[in-house]
Amino acid sequence: MPSSSLGNIVDTVMNDRLIPKVIDNVLVGNVLLMRWLKSPKGATAWGQIGGGARLYVPIKYQSSSSGGWFSGFDTFVTSQVNTRINATFDPKQLYFSVPISGIQAAVNQGPAKVLDLLATEMDSVSADMADILGTGLYSDGTGTSSKQLDGLDAAVADGNGTATYGGLARATYTTWVSDLDSSSNAITRAEMAASFDAAQIGSDAPTLGVTTPAIWSTIEGLAIGTINFNNPMPGLGRTYGTVTNAGVKQGQTGELGFTALFFRGVPVVADEKCTSGRFYWLNEKHVGFAVWPYPDFPGYVTKPNYHGFAWTGLKLPTNQDASVGQFLFYGQLVTDACRTHSYMTGKS
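Rules used throughout
- Residues numbered from 1 in each chain as written.
- Predicted model: local features only at pLDDT ≥ 70, side-chain atom pairs only at ≥ 80, totals over all residues.
- Heavy atoms only, no water.
- Helix = DSSP H or I, 4+ residues; strand = E, 2+ residues; numbered from the N terminus.
- Buried < 20%, exposed > 50% of the residue type's maximum accessible area, 1.4 Å probe, protein only.
- Contact = heavy atoms within 4.5 Å.
- Areas by Shrake-Rupley, 256 points an atom, 1.4 Å probe, with all protein chains shown as cover.
- Phe/Tyr/Trp six-rings, centres within 6.5 Å; stacked < 30°, edge-to-face > 60°.
- Salt bridge = Lys/Arg side-chain N within 4 Å of Asp/Glu carboxyl O.
- Polar contact = N/O pair within 3.5 Å; in protein donor to acceptor, adjacent residues only side chain to side chain.
- Pairing = 2+ DSSP bridges.
- Axes fitted to C-alpha atoms, helices over the stretch in contact; angles between N-to-C directions.
- pLDDT = per-residue confidence, 0-100.

## Considering the overall build of the protein chain
The number of helices and strands found in the protein chain is nine helices and 16 strands. For the protein chain, the residues scored as buried account for 36% of the 348 residues in total. The long-range fraction of contacts in the protein chain, counting pairs at least 24 apart against all pairs at least 6 apart in sequence, stands at 73%. Surface accessibility of the protein chain: about 20,900 Å² in total, with carbon and sulfur atoms responsible for 55%.

The following block contains the structure:
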């Protein structure tokens, strides 16, 4: 350890103090990912896939034309009309390794151990993995030679960016698109309302608004203009010519800003991972993770699959004094109704 400014008289009889916690100075907020991992899609729809090379999601893309009004002896149309087609989604894979050498494990023992090395590394790496997955959540799926998650940039699109999604060309299947407001300006309540309305189909409405912290603050400013203040306790109120004790002790208090925002009863959250300038209205009944279970390979120490994540256990190589394990994720972001989501770009 380097000497302190106190000199050898102190350094030779004192130990350095290590804070028993690693402070993250790198990663950023990951709000939407954490929300969906806590409440994953699957309780009512796809969730954990029991196998299969692809996920097939049947969608209705047109109405039947084999019916209509008739009179008397009019003949009926009896030909069969196909109204459905399968959207197809491939699993994407993400890994992070946790290596540790034999000597590192050996010295991390006894009274000198402040933090458990393996546990600390696993916590750090799992957070890094979630960070990468959170970034992928907003991607278009083309990153890393198209190995990246098909994120919201692909799932919620008007067709000009991601022309084909789930194997279906949006120019052909015209309901397989999301409404876009591309005007560049500070976001307004009217724009939020119009975008919300565009994603609402009957009673099936968006359940979540997601945007950047900067745009969230702009929306907060729109809401602050509607605040009414109620002041039942003046700080220096007088009763019959005498200053009230309660008024003097309590004084006047005020609070500016919000910790949560809602629009038509729907929460609006700020996510640092969200693409700059974007606002999304999402219907969570129609979007979420589909995950594939991790296979139990012989010789691997595996733990139960958790929302698509798995830990292989530590593996010993034959030519090194070390061990290494991997965190794995097999999954894909999937929507079965692009028109139930909407988005805005160029906002501030």
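## Observations regarding the packing of aromatic side chains
With the rule as written, the count across this model stands at 14 aromatic pairs. Look at Phe 263 and Trp 281: their rings are 5.6 Å apart centre to centre, the planes differ by 45°, and that puts the pair in the tilted class. Here Phe 263, found in strand 10 (residues 261-263), pairs with Trp 281, found in strand 12 (residues 279-282); they are 18 residues apart in sequence, far enough to count as distant.

## Description of the pattern of salt bridges
Under the definition given, this model contains nine salt bridges. Here Lys 347 makes a salt bridge to Glu 191, at a shortest N to O gap of 3.0 Å. With Lys 347 in the segment after strand 16 (342-344) and Glu 191 in helix 7 (residues 189-199), the pair connects residues that are 156 residues apart, well separated along the chain. By relative accessible area, which is 15% here, Glu 191 ends up buried. Across the salt bridge formed by Lys 285 and Asp 204, the nearest N and O atoms sit 3.2 Å from each other.

## Some details on the side chain of Asn 283
Turning to its location among the elements, Asn 283 is positioned in the loop between strand 12 and strand 13 (287-291). A relative accessible area of 0% places Asn 283 in the buried class. Of the polar contacts made by the side chain of Asn 283, one reaches the side chain of Asp 204; its length is 2.9 Å. If near-sequence neighbours (up to four positions away) are discounted, Asn 283 is found in contact with Asp 204, Ala 205, Pro 206, Thr 207, Thr 340 and His 341.

## Brief notes about unusual backbone geometry
Unlike most non-glycine residues, Thr 144 shows phi in positive territory, near 50°. With respect to the helices and strands, the residue Thr 144 is situated in helix 5 (residues 143-146). The exposure class of Thr 144 is exposed, given its relative accessible area of 60%. In this structure, Ser 145 is a non-glycine residue whose phi angle is positive, near 55°.

## Observations regarding the pairing of strand 12
The alternating pattern of strand 12 places Phe 279 and Trp 281 and Tyr 280 and Leu 282 on opposite faces, both of which are buried. Where strand 7 (residues 208-211) meets strand 12, four bridges bridge the pair, whose relative direction is antiparallel. Of the residues in strand 12, the one forming a bridge with Gly 209 is Trp 281. With three bridges connecting them, strand 12 and strand 16 associate as antiparallel partners. Opposite Phe 279, over in strand 16, you have Met 344 as the bridge partner.

## Some thoughts on the sheet that holds strand 10
By definition, the strands of a sheet pair up through backbone hydrogen bonds, in either a parallel or an antiparallel sense. Here six strands make up an open sheet; going across it, the order is 6-16-12-7-11-10 and the pairing mixed. For this open sheet the edge positions go to strand 6 (179-181) and strand 10, each flanked by a neighbour on one side alone. Each adjacent strand pair in this sheet contributes to an overall mean axis angle of 20°, direction not counted. Against the sheet, helix 7 makes contact with strand 6, strand 10, strand 11 (266-270), strand 12 and strand 16, and its axis sits at roughly 155° relative to strand 16, the strand it touches most. Lying over the sheet, helix 8 (residues 213-224) contacts strand 7, strand 10, strand 11 and strand 12, oriented at roughly 135° with respect to strand 11.

## Brief notes about the environment of Thr 188
Take Thr 188: it is sitting in the loop between strand 6 and helix 7. A polar contact of 3.1 Å, which involves the side chain of Thr 188, links it to the backbone nitrogen of Glu 191.

## Some words on the confidence of the model for the protein chain
Should pLDDT be low for a region, the predicted coordinates there are not to be read in detail. In this model, the protein chain carries an average pLDDT of 81, and 74% of its residues clear a pLDDT of 70 or more. Taken together, the stretch residues 235-241 has pLDDT below 50 and engages in ten contacts with residues farther than four places along the chain or on a different chain.

## Things to note about the environment of Pro 295
In this fold, Pro 295 is placed in the loop between strand 13 and strand 14 (309-311). Under the relative-accessibility criterion, Pro 295 is labelled partly exposed at 33%. Each C-alpha atom, one on Pro 295 and one on Thr 312, is 9.7 Å from the other, the two residues being 17 residues apart in sequence.

## Some points on the environment of Val 107
With respect to the helices and strands, Val 107 occurs in helix 3 (residues 102-107). When the C-alpha atoms of Val 107 and Leu 117 are compared, they prove to be 9.7 Å apart, with ten residues separating the residues in sequence.

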